[in-house]
Each structure stands twice: as structure tokens, then as C-alpha cells.
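# Tertiary structure, described
Listed below are the residues making up each chain.
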Amino acid sequence: MQARITFYKINRCGLYTRSRNGTALQPKFLGTKELLADLSQWAIGKTLANTDVFKNTQNQGFNTYLADIKSSTDSTILVMWNQVPHTDAGVLSLPNNSTVGSIQQADANTIVANSIPGYPTYFWFIPSLNVFATICFSTIVNGRAAMESYIKQFMKLYSKHVVKELDQKTNTLVVKGYSKDPTDPQETVFKYPPVFSSHLYPLPQGLDVLKNKAPEIKKITKKATAEYRTKISKSLFQKALGAFKGIRRNPMASDVFTIKTEVSMTNGLTAKEVQTLYDEWTNDVGSLHSLDYGFVIDNEQFWFSHALAKWEGDLALSFTEQNSFANIGLLLSELESKKSTILSIIS
């Protein structure tokens, strides 16, 4: 089966202190390998519902759960379960041949009792390289943002390094901080939580081509398609709408819009300016996956998204999203067998 594997570099994972000159040190605890072991120990044997780390009763329909976690010597597969919005009647759908303007009613697809409707997303962590990858089979939805939010929340509330105390007034445990060993009163208790952050893993040669040819760039294109939902989406939408002074409206959260801006460059760019645009893109694309920057050089189009560490190829597996859970061990073994080939794109 065909797989598309996209790599991300882990910037920070764990609880950090700062050196006197302000540079980040190695994490005091909860580095990538320890985090995955801690998460596995916490999750294995729990019911799916009990892997909910957010406990947000107002967030029904958009929750994320941990469905599976399997490890080898230096690889771990995470499978997240991403809940989809639904009603009391079930998950709604419309026939694809419905006529716009004449639709009377949506179909309700019944949800099995005591189940969570959703879809899986797959992640491959390689702690020794401080990287992870999204694995997509029949969909382009990679679930990275939801997975990272889940990990941050787990580190904040459920890792073995959380220091909790009993609140006598409410008779509940409250988080007081984070320690290398919460059972040791001599250990320092840090008042700020561990962190997790990553960025798309760039292919140096792809970015270098653009930087070397920066003076020859004749046009820059910035494009994205998004729903009016995230902070970045709202910012892009408002800037675009600002060009049409006659429009005054409050967009709906479900509004889908496309932004495409093109700027001609008479004198080209500098290598530093290309790097600045690339840094801006890698910072924003995690929240807006369709965002891309394009450059025209000698009538040829180059895109930042094409300068990323991606592997596309065939895995000796055969499963669907529905029956993938029984095949996660096989997926891990297959990735291990092709590890040198796949990782050659970042080595």
C-alpha cells in the first residue's frame, strides 16, 4: 500500500532550564524517549475514553484520544483517534448527487452505542534522531496539530513528573509543579510545565537552490485554503477582506476561503529574505497546512512545500483505516525494515 511520510524536527521536548547566556540546555527530564515510555506506561490497558487528557465537557465532537502505542529499540508508533462532530441522530452526510437549493434533509449514520466516531492518524517517532513523521495512507489529513496538543496536555497533567497536592477545601489533587522525582522532597519543583514543539524538516538542498537563485526571483505567490477557525486563518481572512471596503460581515466558523497573493519582484530577493520567508512559513504552516509560498525563476515555479523531507512509496502492508489497529505491529516492523531507505532523505 502507498504511504506518504513527512518528517518533522523536534525543537524541544521536556522540561528545560536556561543557561546564563540564554541558550537552551538539554531537558532536565521528559526528553523524547522518556516521554514516549511514560505515555505508553500510562496508556496501555486504559479504555479509549480514559485516554482523554483534556476532560473538556464543552469540547464534545473535537476530542483526541490515544488508540495505540508500540515501540521497538528506537522507533515508536503512535495512533491517535480523532473524534468527529456528530449529533444525537449520528454522523450526518449528504448524497453526493444532492442538488444545491433543493436539499431537504441530511442522512443520519447511526453510531454504535458507547462508541466514539472518528478517524485514526499515525505517527512514527525516532528518538535518537529527535524526529517524528506523520504517516498518511488514503488521506492528506495528518493530525499533527491535535497530536502535539495531546502530548503537551499529557506532560502538563499526567506524566510521572507532575507534582500534585491535595486541596483540603475541594478534596481534589491540584498540580503544584514538576520534578524529576515527585517522591523525593529534596528534588527541585519547577513551577512551569514541560514543552513540546517541532517544525517541518527541510531538505537543505531545496532551500539552498532558492537562496542561491534569490536575485533571479521574478514573482512570489502566497496561497492557502482554510476555514475561518484558527488565529492564523482569521488573520489571513481579515487581511483579504480588508481589500474590499464595501463588505461588512462577520464570517462563520465554517466559512471556507482561499487566499492567493502574487507580487512581482523587479530586482529579485536576497538569500536572507528567502530565509526569512521560509522561517515565517514553517512557523505558520503547522496551524494552516495548505499554506505555501511559491517563486518564479526563469519561468519555472518553485514551492517551499516541495523542499521538505517527504518519502512516498510502497509498504508491504494491506489494511484500511477500519482494520489498521490489528496491523500496527506489522507497520512498525515494515518501517524498521525500510528505515535506512526512508531516512536517507534526511541523512
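Refer to the preceding data block for the structure.
Since the structure is predicted, the reported quantities are computational estimates derived from the model, not experimental observations. (Residues numbered from 1 in each chain as written. Predicted model: local features only at pLDDT ≥ 70, side-chain atom pairs only at ≥ 80, totals over all residues. Heavy atoms only, no water.)

Helix and strand counts for the protein stand at seven helices and 15 strands. Within the protein, residue pairs in contact and separated by at least 24 positions form 64% of the contacts whose partners lie at least 6 positions apart. Carbon together with sulfur atoms contributes 51% to the accessible area of the protein, which is approximately 19800 Å² in total. (Helix = DSSP H or I, 4+ residues; strand = E, 2+ residues; numbered from the N terminus. Contact = heavy atoms within 4.5 Å. Areas by Shrake-Rupley, 256 points an atom, 1.4 Å probe, with all protein chains shown as cover.)

This paragraph deals with the pairing of strand E14 (residues 300–303). Where strand E13 (residues 292–297) lies against E14, four bridges are found, and the strand directions are antiparallel. Residue Phe295 lies in a different strand from E14, and its bridge partner there is Phe302. Hairpin connection from E13 to E14: two residues lie between these consecutive antiparallel strands, with Asp298 at a positive phi of about 50 degrees. (Pairing = 2+ DSSP bridges.)

Looking now at the side chain of Glu148. For Glu148, the location among the structural elements is in helix H2 (residues 144–157). In this structure Glu148 comes out as buried when scored by relative accessible area, which is 8%. Ignoring any residue separated from it by four or fewer positions in sequence, one finds Glu148 in contact with Phe132, Phe196, Ser197 and Ser198. (Buried < 20%, exposed > 50% of the residue type's maximum accessible area, 1.4 Å probe, protein only.)

A word on the packing of aromatic side chains. Counted according to the given criterion, the structure contains 17 aromatic pairs. Ring centres of Tyr278 and Phe304 lie 5.1 Å apart, and the angle between their planes is 85 degrees; on these two criteria the pair is classed as edge-to-face. Residue Tyr278 is found in helix H5 (residues 271–284), and its partner Phe304 is found in the loop between E14 and strand E15 (310–314); the two are separated by 26 residues along the sequence. Owing to a relative accessible area of 4%, Tyr278 belongs among the buried residues under this scheme. Looking at Phe304, the relative accessible area reads 0%, which means it is buried. We note Arg12 situated over the ring of Tyr16; from NZ or CZ to the ring centre the distance is 4.4 Å. Positioned above the aromatic ring of Trp303, the side-chain terminus of Lys223 is 4.2 Å from the ring centre. (Phe/Tyr/Trp six-rings, centres within 6.5 Å; stacked < 30°, edge-to-face > 60°. Lys NZ or Arg CZ within 6 Å of the ring centre and 35° of its normal.)

Turning our eyes to something else, we now look at the packing of helix H1 (residues 32–43) against H2. Put simply, H1 and H2 touch, their axes get as near as 11 Å, and they point 80 degrees apart. For the element pair H1 / H2, the angle class is roughly perpendicular. Counted together, Leu35, Asp38, Leu39 and Trp42 of H1 and Tyr150, Ile151, Phe154 and Met155 of H2 form the full contact between these two elements. Grouping the constituent residues of the contact of H1 with H2 by class yields seven nonpolar, no polar and one charged. (Axes fitted to C-alpha atoms, helices over the stretch in contact; angles between N-to-C directions. Parallel < 35°, antiparallel > 145°, perpendicular 65-115°, else oblique. Nonpolar A, V, L, I, M, F, W, Y, C, P; charged D, E, K, R; others polar.)

Attention now goes to H2. In a regular helix each residue adds 1.5 Å, so 14 residues correspond to 20 Å; H2 covers 20 Å between its end C-alpha atoms and thus fits that length. Those residues of H2 not exposed but buried are Arg144, Met147, Glu148, Tyr150, Ile151, Gln153, Phe154 and Met155. (Expected span 1.5 Å × (residues − 1).)

For the rest of this paragraph, the subject is the side chain of Asp38. Summarising the element assignment, Asp38 is placed in helix H1. Buried charged residue Asp38 carries no salt bridge. Nearest counter-charge: Lys160, at 5.5 Å. From its side chain, Asp38 meets the backbone nitrogen of Lys160 in a polar contact 3.0 Å long. Setting aside its immediate chain neighbours within four residues, Asp38 contacts Leu30, Phe154, Ser159 and Lys160. (Lys, Arg positive; Asp, Glu negative; His and termini not counted. Salt bridge = Lys/Arg side-chain N within 4 Å of Asp/Glu carboxyl O. Polar contact = N/O pair within 3.5 Å; in protein donor to acceptor, adjacent residues only side chain to side chain.)

Turning our eyes to something else, we now look at the nonpolar core. Grouped together as the largest cluster of nonpolar side chains are 48 residues, with contacts concentrated most on Leu78, Phe125, Phe196, Leu269, Phe295 and Phe304. Not counting residues within four places of it along the chain, the set of residues in contact with Phe295 comprises Leu210, Ile217, Lys219, Ile220, Leu269, Leu277, Glu300, Gln301, Phe302 and Phe304. Counting 26 residues, the second largest nonpolar core, distinct from the first, contains Val131, Trp311, Phe319 and Ile342. (Core = buried A, V, L, I, M, F, W, Y, C linked by side-chain atoms within 4.5 Å.)

Turning our eyes to something else, we now look at H1. Taking 1.5 Å of rise per residue, the twelve residues of H1 would be expected to cover 16 Å, and the 16 Å separating its terminal C-alpha atoms lies within 8% of that figure. Restricting attention to buried positions, one finds in H1 the residues Thr32, Leu35, Leu36, Asp38, Leu39, Trp42 and Ala43. Seen from one end, H1 has its buried residues packed into an arc of 165 degrees, which puts them on one side. Turned more than 90 degrees off the buried face of H1, the exposed positions are Lys33 and Gln41. In this fold, the buried residues of H1 make contact with strand E1 (2–14), strand E2 (64–71), strand E3 (76–83), strand E6 (118–126), H2 and strand E10 (195–200). Directly beyond the C-terminal end of H1, a positive phi value near 95 degrees is found at Gly45. (Arc of directions from axis to C-beta.)

Here we come to unusual backbone geometry. Backbone phi values are negative for most residues with the exception of glycine, while trans is the configuration of most peptide bonds. Phi at Leu30 is positive, roughly 65 degrees, even though this residue is not glycine. Here Leu30 is to be found in the loop between E1 and H1. Of note, Asn114 is a non-glycine position whose phi angle comes to about 60 degrees, a positive value. Within the fold, Asn114 resides in the loop between strand E5 (107–109) and E6.

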